[in-house]
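This is what each chain is made of:
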Protein chains: 4
Amino acid sequence: MEREHNLVPEDALWKRFLYRIIYRSDTRLGKLFDILLLSLIVASTAIIMMESVPQLDKRFHYIFLVLEWIISIFFTLEYSMRIAVVKNKKGYIFSFLGIIDFLALAPFFLSFFFPITKYFLIFRMLRMLRIFRIFNLMDFMNDGYLIVRALKNSSRKIYIFLLFLIIFSVIVGSLMFMVEGGRQGFETIPQSIYWAVVTVTTVGYGDVSPITPLGKLFAVVLMLAGYSIIAVPTGIVTAEMRNKRQNLEKICERCGNEDIDDDARYCKQCGKKLA
Amino acid sequence: MEREHNLVPEDALWKRFLYRIIYRSDTRLGKLFDILLLSLIVASTAIIMMESVPQLDKRFHYIFLVLEWIISIFFTLEYSMRIAVVKNKKGYIFSFLGIIDFLALAPFFLSFFFPITKYFLIFRMLRMLRIFRIFNLMDFMNDGYLIVRALKNSSRKIYIFLLFLIIFSVIVGSLMFMVEGGRQGFETIPQSIYWAVVTVTTVGYGDVSPITPLGKLFAVVLMLAGYSIIAVPTGIVTAEMRNKRQNLEKICERCGNEDIDDDARYCKQCGKKLA
Amino acid sequence: MEREHNLVPEDALWKRFLYRIIYRSDTRLGKLFDILLLSLIVASTAIIMMESVPQLDKRFHYIFLVLEWIISIFFTLEYSMRIAVVKNKKGYIFSFLGIIDFLALAPFFLSFFFPITKYFLIFRMLRMLRIFRIFNLMDFMNDGYLIVRALKNSSRKIYIFLLFLIIFSVIVGSLMFMVEGGRQGFETIPQSIYWAVVTVTTVGYGDVSPITPLGKLFAVVLMLAGYSIIAVPTGIVTAEMRNKRQNLEKICERCGNEDIDDDARYCKQCGKKLA
Amino acid sequence: MEREHNLVPEDALWKRFLYRIIYRSDTRLGKLFDILLLSLIVASTAIIMMESVPQLDKRFHYIFLVLEWIISIFFTLEYSMRIAVVKNKKGYIFSFLGIIDFLALAPFFLSFFFPITKYFLIFRMLRMLRIFRIFNLMDFMNDGYLIVRALKNSSRKIYIFLLFLIIFSVIVGSLMFMVEGGRQGFETIPQSIYWAVVTVTTVGYGDVSPITPLGKLFAVVLMLAGYSIIAVPTGIVTAEMRNKRQNLEKICERCGNEDIDDDARYCKQCGKKLA
């Protein structure tokens, strides 16, 4: 997937001017545009939320509708302009942010052809993801990138951990199904597995909780296990993040190795003495 | 904001004497004054709490009133003296602790002019913040400062994490609104978002919990996700705190090793005596 | 316990061929076999779960029965073949995965001689453990092994922590039994201990919660304690995992540096090329 | 407080023999004695628990009474012998474990002079602490000591964190008292503070939960804050534990410094090259 960094504006002067405003934030107008965009995204999300509240929807239904139209038209214009001003139009349309921009518009146009159901809502909610566009412009992405990279590097270990957790919950849930029989909340194995996950993740709604003494004993063992297990994903991510923290500052001049620990004096890839 | 360290007493001998008692704790009287202050802050907070309990307020209303007057008058006197004995009066008044001292007094005087509402309570509660004044005098601040600095250094990452968490909760809440329809506790999108936050942070009140099998399946996925996500802020702060533990100001002149513990007298990498 | 790595096929050509398919996944047929096995394990687990739901069991009882027969027969054939194609038959039968393979079959055959009770369920659920066989073939095991090793190395500390937690919960539960008397949920000491564990692990079902002011104060103290205690297992595992990340087998010959990353080719301390 | 290590047996041969059995576990009889002691402690705790269950107490009251007598007499004999066989009798009596041994006996003898109330229970529960005596003999104490030392070293930071948490909960609770007015569960400030602690520690019983939309919004903010805050104690202990892990293996030959990091090549105290 192409990154927006590679996009270049068309040659026409007014397109270069608009490109600067829409895609960059190093000018005053560019910053204003970003703030306007951010406000509209937040407003749009807030409207969708308020529409779902019957009392508010009854009173302000038409105001919401009009605002939704205004925002959608603005987003449509913006989307057209974004395509118009870049040279590599496909590059934008199929970039990560380009696809999100499109998905944020789709439900509005689909609503002309199909009856509006509540399933449209979630598509409209995707508009929130456009917030990430703003971050891209601010320096925020650097830190966010660090977190994502640490998660990605440890994703394999986290998958294994989750899989283990699921198998553990299924077995514990089945055992509890046998212990608590058909009692309230433990009528079926999937129900008991639901309880096991609620317990082991320490959420503990309390809509299902053990009733028999044996069930409670069993739950106590499970809770203590879950309490110790919580340390595992934490340990994985912490160890990874600690490692990733050190990458950014230093770089080996000879081989370009960026994975340099704080206390390293020689590059571990090429053996060059570090400055 | 000016720090209290820079404050100097007025020249008059009695002011220097009072300054020593009020601002410092290196004399016996100074220590006694601190303990008196601490007791009054705790007493004041306890009184406010007890006032809110109808049974206690009915029985001891006048005792609470009188005590509140005594403590407020003491704090007023203390505030006046604090201003009187320092040379740089503005420096104190607009320092962090000076503002807190003022806010702790304000509600008492405002209550003469405005009817007392329960909103006064929270202002009076701010008095608790004066406890930090005591820490300033004890050695406690050093360790506290370490924690605060680690939090501040990783605040950017934590903001991003929180923002991600909020967007995640909004989308999950919207999805759950579609899944659980208008059922008990999922009547509106904001309600469903409330549920999503309660679940993903593993608080799990249980006032809202999924009812349909699909909703429960969805909740299970969310809980497992939340259980893995909890590792992220932990990883961020841990990595930062581990780093902060090491004395940031020191560096070995010979080998450039920056990983120097507080109690180190020789570089652990090259054996050079540290300055 | 012997590991499967040491197993060798019989000499007959068709046995070598089958061995390659069943035990390895470096051929196309071998991979297909693994996928088939995985699907059947998941299907078998899903059937057991669905059987426990009365509505589904009533409608699809005979379909479930037939599917169970088919899967069991396949597993039986596979088990026989696994024994047939290896030279060291005992080595397979008493290996970790061999025992799981046997346990996964046992309930099916036992059901011919004994009436089927719900206690058979849990034995049939053990079939899920066969999933680990698939991981063994994929590269997954490496990361999983890291986690397991970190847990094993810190298991001693975790045992002590759990023991401390249990003693703590017992004492706190007994205290709470005295505080809350015979009130709802605190009728007996074991009940109160159950509450203490639910609270200290931050699960918090809410089926039992303190009622008297003193009980609530007590609970607040316990919760704050539990909130600080949670850091202990996390700290243990994190410290261990951080350590395990580093390649344990490697050491720099010149300077004795043991902190050598997996991808290092030169010692980061002295710049020596690593063997 | 003197440690048991310093105790020496009396000169008489039979006392040396008993000393070996009671205080040490390097003989077969010594090990048997330890196991007997452990069993009696567990049995005694179990009896106390079961006594609190009315159904069990009604049926087995006299059996419990007799067993309690037997165990108490055994502990009395053991306590007398422990005093008899050591030379430095005061050393034992006022050692940590000696005091626990005494406290474990006290309630039994006090029950002759005072009527038995349920407050005796908790004293009898203290007997559980004797379990630590067994650990002392096993190698377990080393690992436990590591944990305790890490906690002790970071105790200052944890105190500050707890204090901050308490002040935070008090202020948040007061704010919530204003928001949710006198509604169910938020009738008084102490009640609201109880809710704040239940929420911020992610226990979430659900016996008190916000009802108004504003209250829920407020709770969401609090939960997200609590979710980030949980990282702080974890970070503190992890950083400390990581540090402590490294102590045990290495020691500087010249100055006896035991605080030697994994990657240190020179002693950071005296600059000696480490082996």
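Please read these numbers as outputs of a predicted model, since none were measured by experiment. (Residues numbered from 1 in each chain as written. Chains lettered and ligands numbered in written order. Predicted model: local features only at pLDDT ≥ 70, side-chain atom pairs only at ≥ 80, totals over all residues. Heavy atoms only, no water.)

**Comments concerning the overall build of chain A**
For clarity, the cut-off: Here a helix means four or more residues in a row that DSSP labels H or I, a strand means two or more in a row labelled E, and each is numbered from the N terminus. Relative accessible area decides the class of each residue, using a 1.4 Å probe on protein chains only: under 20% of the type maximum gives buried, over 50% gives exposed, and in between gives partly exposed. Two residues form a contact once any of their heavy atoms are found within 4.5 Å.
Across its full length, chain A carries twelve helices and zero strands. Ordered by position from the N terminus, the helices and strands of chain A form the series α-α-α-α-α-α-α-α-α-α-α-α. In chain A, buried positions account for 53% of the 275 residues. Relative to all contacts within chain A whose residues are 6 or more apart in sequence, the contacts with residues 24 or more apart total 56%.

**Let's talk about the domain arrangement of chain A**
To keep things clear, this is the line we draw: Residue ranges labeled as domains rest on an automatic or database domain assignment.
Once the domains are mapped, chain A shows domain 1 (13–140) and domain 2 (146–249). Placing the centre of domain 1 of chain A and that of domain 2 of chain A at their C-alpha centroids yields a distance of 38 Å.

**What about the pattern of salt bridges?**
Let me state the cut-off plainly: Whenever Lys or Arg places a side-chain nitrogen within 4 Å of a carboxyl oxygen from Asp or Glu, that contact is recorded as a salt bridge.
Counted under the stated rule, the structure contains 26 salt bridges over all chains. Between Asp101(B) and Arg130(B) there is a salt bridge; the shortest N-O distance is 2.7 Å. A residue pair is termed long-range when its members are at least 10 positions apart, and Asp101(B) in helix α5 (residues 96–113) and Arg130(B) in the loop between α6 (119–125) and α7 (131–137) qualify at 29 residues. The pair formed by Asp101(B) and Arg130(B) is uniform in burial state, with each residue classed as buried. The salt bridge partner of Asp11(D) is Lys87(D), with a shortest N-O separation of 3.4 Å. Of the two residues, Asp11(D) sits in the segment before α1 (13–23) while Lys87(D) sits in the loop between α3 (54–85) and α4 (89–93), which places them 76 residues apart along the sequence. One network of salt bridges, in which partners are shared, links Glu78(A), Arg82(A), Asp101(A) and Arg130(A).

**Quick notes on the UniProt feature "transmembrane region" (unreviewed entry) in chain A**
All names here are of chain A. Rule in force here: UniProt positions are given in the numbering used here, feature names are shortened, and annotations may be inferred rather than shown by experiment.
The feature "transmembrane region" (unreviewed entry), as annotated in UniProt, sits at residues 32–50, 62–80, 92–113, 158–179 and 217–239 in this numbering. The span residues 62–80 is 100% helical and 0% strand by assignment, and the distance between its end C-alpha atoms comes to 27 Å. Within the segment residues 158–179, helix and strand shares are 100% and 0% respectively, and the terminal C-alpha atoms sit 31 Å apart.

**Focus: the environment of Leu67(D)**
On the secondary structure map, Leu67(D) appears in helix α3. For Leu67(D), a relative accessible area of 35% corresponds to the partly exposed category.

**So, the environment of Ala106(C)**
Positionally, Ala106(C) belongs in helix α5 (residues 96–113). The class of Ala106(C) is buried, set by a relative accessible area of 16%.

**Remarks on the packing of helix α1 (residues 13–23) of chain B against helix α3 (residues 54–85) of chain B**
All names here are of chain B. Defined as follows: As a rule, the C-alpha atoms of each element are fitted with a line to give its axis, helices using only the stretch in contact, and angles between N-to-C directions run from 0 to 180 degrees. For classification purposes, an angle smaller than 35 degrees is called roughly parallel, one larger than 145 roughly antiparallel, one from 65 to 115 roughly perpendicular, and anything else oblique. A clockwise turn of the near helix away from the far one marks a right-handed crossing, whereas an anticlockwise turn of less than a right angle marks a left-handed crossing. Each residue is assigned to one class: nonpolar for Ala, Val, Leu, Ile, Met, Phe, Trp, Tyr, Cys and Pro, charged for Asp, Glu, Lys and Arg, and polar for all the others, Gly among them.
Closest axis-to-axis distance for the α1/α3 pair is 9 Å, and the angle between their directions is 125°. Taken together, α1 and α3 sit at an angle that is classed as oblique. Considering how the two elements wind past one another, α1 and α3 form a crossing that is left-handed. Note on element contacts: α3 touches α1 through Met 81, Arg 82, Ala 84 and Val 85, opposite Lys 15, Leu 18, Tyr 19, Ile 22 and Tyr 23. Tallied by class, the residues present in the contact of α1 with α3 amount to seven nonpolar, no polar and two charged.

**Observations concerning the side chain of Lys15(C)**
All names here are of chain C. Condition: Under the convention used here, Asp and Glu are negative, Lys and Arg are positive, and both His and the chain ends fall outside the count.
Along the polypeptide, Lys 15 turns up in helix α1 (residues 13–23). Buried charged residue Lys 15 carries no salt bridge. Nearest counter-charge: Glu 10, at 4.0 Å. Once residues within four sequence positions are removed from consideration, Lys 15 is found in contact with Glu 10, Ala 84 and Val 85.

**Thoughts on the nonpolar core**
Operational definition: Among the buried residues, those of types Ala, Val, Leu, Ile, Met, Phe, Trp, Tyr and Cys that are joined through side-chain atoms within 4.5 Å form a nonpolar core.
Ranked by size, the top nonpolar core spans 221 residues in total, and within it Trp195(A), Trp195(B), Trp195(C) and Trp195(D) carry the most contacts. Once residues within four sequence positions are removed from consideration, Trp195(A) is found in contact with Val172(A), Met176(A), Phe186(A), Val208(A), Ser209(A), Pro210(A), Ala219(A), Leu222(A) and Tyr205(C).

**Let's talk about unusual backbone geometry**
All names here are of chain A. Not every positive phi belongs to a glycine, and Thr 202 is a case in point at roughly 60°. Secondary-structure assignment places Thr 202 in the loop between α10 (189–200) and α11 (213–229). Assessed through its relative accessible area of 3%, Thr 202 is described here as buried.

**Concerning the confidence of the model for chain A**
Residues and elements named next belong to chain A. Put simply, the test is: The predictor reports its confidence for every residue as pLDDT, a score running from 0 up to 100.
Mean pLDDT over chain A: 80, with 81% of residues reaching 70 or higher. A low-confidence stretch, residues 245–249 stays under pLDDT 50, and its non-local contacts, those more than four residues away or across chains, total twelve contacts. The ipTM assigned to the predicted complex is 0.80, against a pTM of 0.82.

**Quick look at the packing of aromatic side chains**
As a reminder, the rule being used: The aromatic pairing rule takes the rings of Phe, Tyr and Trp, using the six-membered ring of Trp, and pairs them if the centres are within 6.5 Å, calling planes under 30 degrees apart stacked, those over 60 edge-to-face and the rest tilted. A ring has a charge above it when a Lys NZ or an Arg CZ is no more than 6 Å from the ring centre and no more than 35 degrees off the ring normal.
Enumeration over the complete set of coordinates arrives at 60 aromatic pairs over all chains. Here Phe164(B) and Phe168(B) contribute two aromatic rings whose centre-to-centre distance is 5.9 Å and whose plane-to-plane angle is 20°, an arrangement assigned as stacked. Of this pair, Phe164(B) and Phe168(B) are both found in helix α9 (residues 155–180), four residues apart, which corresponds to roughly one turn of the helix. A relative accessible area of 37% places Phe164(B) in the partly exposed class. A relative accessible area of 22% means that Phe168(B) is categorised as partly exposed. Among the aromatic side chains, those forming a connected cluster through ring pairs are Tyr19(A), Tyr23(A), Tyr79(A), Tyr92(A) and Phe102(A). If you follow Arg130(B) out to its NZ or CZ, it ends over the ring of Phe75(B), 4.8 Å from the centre.

**Comments concerning the side chain of Ser72(C)**
Residue and element names in this part refer to chain C. The test is simple: What qualifies as a polar contact is a pair of N or O atoms within 3.5 Å, subject to a donor-acceptor requirement within protein and to the restriction that residues adjacent in sequence count only when both atoms come from side chains.
Along the chain, Ser 72 falls in helix α3 (residues 54–85). Polar contacts involving the side chain of Ser 72 include one to the main-chain carbonyl oxygen of Glu 68, which spans 2.9 Å. Dropping the residues within four chain positions of it, Ser 72 is found in contact with Leu 105, Phe 108 and Arg 127.

**Structural notes on α3(B)**
Applied cut-off: To get the bend at a residue, fit one axis to the 7 residues ending there and another to the 7 starting there, then take the angle between the axes.
Where α3(B) bends most, the angle comes to about 80°, and this point is Phe60(B). Buried within α3(B) we find Phe64(B), Glu68(B), Ile71(B), Ser72(B), Phe75(B), Glu78(B), Tyr79(B), Arg82(B) and Val85(B).

**Quick notes on helix α9 (residues 155–179) of chain C**
Test applied: In this scheme, a helix's expected span is set at 1.5 Å multiplied by one less than its residue total.
With 25 residues, α9(C) ought to run about 36 Å at 1.5 Å a step, and its terminal C-alpha atoms sit 35 Å apart, in line with that. Just past α9(C), the residue Gly181(C) takes up positive phi, approximately 50°.

**Digging into the environment of Ser52(D)**
Relative to the elements of secondary structure, Ser52(D) occurs in the loop between α2 (28–51) and α3. Ser52(D) sits 46 residues away from Gly98(D) along the chain, and the two C-alpha atoms are 28 Å apart. Contact partners of Ser52(D), with chain neighbours within four places excluded, come to Phe177(C), Glu187(C), Thr188(C), Ile189(C) and Pro190(C).

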